[in-house]
Amino acid sequence: MTRPVGDAPTDDTRQLLTYLSGGLTDESIARELGVSERTVARRIARLQEVLGAQTRFQLGVQASRRGWL
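To keep things clear, this report deals only with the structure shown in the data block. (Residues numbered from 1 in each chain as written. Predicted model: local features only at pLDDT ≥ 70, side-chain atom pairs only at ≥ 80, totals over all residues. Heavy atoms only, no water.)

Points about the nonpolar core
For clarity, the cut-off: In plain words, nonpolar cores are sets of buried Ala, Val, Leu, Ile, Met, Phe, Trp, Tyr and Cys residues tied together by side-chain atoms within 4.5 Å. Partly exposed describes any residue whose relative accessible area lies between the buried limit of under 20% and the exposed limit of over 50%, with all areas from a 1.4 Å probe on protein chains only and scaled to the type maximum. Under the DSSP-based scheme used, a helix requires at least four consecutive residues in state H or I and a strand at least two consecutive residues in state E, with every element numbered from the N terminus. For this analysis, residues touch if any pair of their heavy atoms sits within 4.5 Å.
Counting residues in each nonpolar core, the largest one holds 14 residues, and the members touching the most others are Leu16 and Leu59. Where this core is concerned, the elements lending two or more residues are helix H1 (11-21), helix H2 (26-33), helix H3 (37-51) and helix H4 (56-65). If near-sequence neighbours (up to four positions away) are discounted, Leu59 is found in contact with Leu17, Leu20, Ile44, Leu47, Gln48, Leu51 and Ala53.

Below, the structure written as structure tokens:
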């Protein structure tokens, strides 16, 4: 399910962004969310694509600008 960029993030996305901003590793995030590291990496890559971010830092900036953090 693809959501428009302007939409508010899902609770799962918001939690993922919170963990990223807290400096957790993909392994730690996966453990917290109960998914595989590969799933975490795919979700992060998709968020970067949707928000137009090339790096995880840029992802955090874009998410913050949208009020997602």
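Digging into H4
Just so we agree on the cut-off: By arc we mean the arc of the directions from the helix axis to the C-beta atoms, nothing more.
Along H4, the positions that sit buried rather than exposed are Leu59, Gln62 and Ala63. Along H4, the residues classed as buried sweep out an arc of 100° about the axis, all on the same side. Turned more than 90 degrees from where H4 packs its buried face, Phe57 and Arg65 sit exposed. The inward-facing, buried residues of H4 contact H1 and H3.

Section: the environment of Trp68
On the secondary structure map, Trp68 appears in the segment after H4. Classification of Trp68 by relative accessible area gives buried; the value is 7%.

Thoughts on the pattern of salt bridges
Rule in force here: The salt bridge criterion pairs a side-chain nitrogen of Lys or Arg with a carboxyl oxygen of Asp or Glu, the two atoms within 4 Å.
The final tally for this structure, using the stated rule, is three salt bridges. The residue Asp26 makes a salt bridge to Arg56 at a minimum N-O spacing of 2.8 Å. A residue pair is termed long-range when its members are at least 10 positions apart, and Asp26 in helix H2 and Arg56 in helix H4 qualify at 30 residues. Under the relative-accessibility criterion, Asp26 is labelled buried at 17%. As a salt-bridge pair, Glu27 and Arg31 come within 3.6 Å of each other at their nearest N and O atoms. Note that Glu27 and Arg31 are positioned in helix H2 at a spacing of four residues, about one turn of the helix. Using a relative accessible area of 44% as the deciding quantity, one classes Glu27 as partly exposed.

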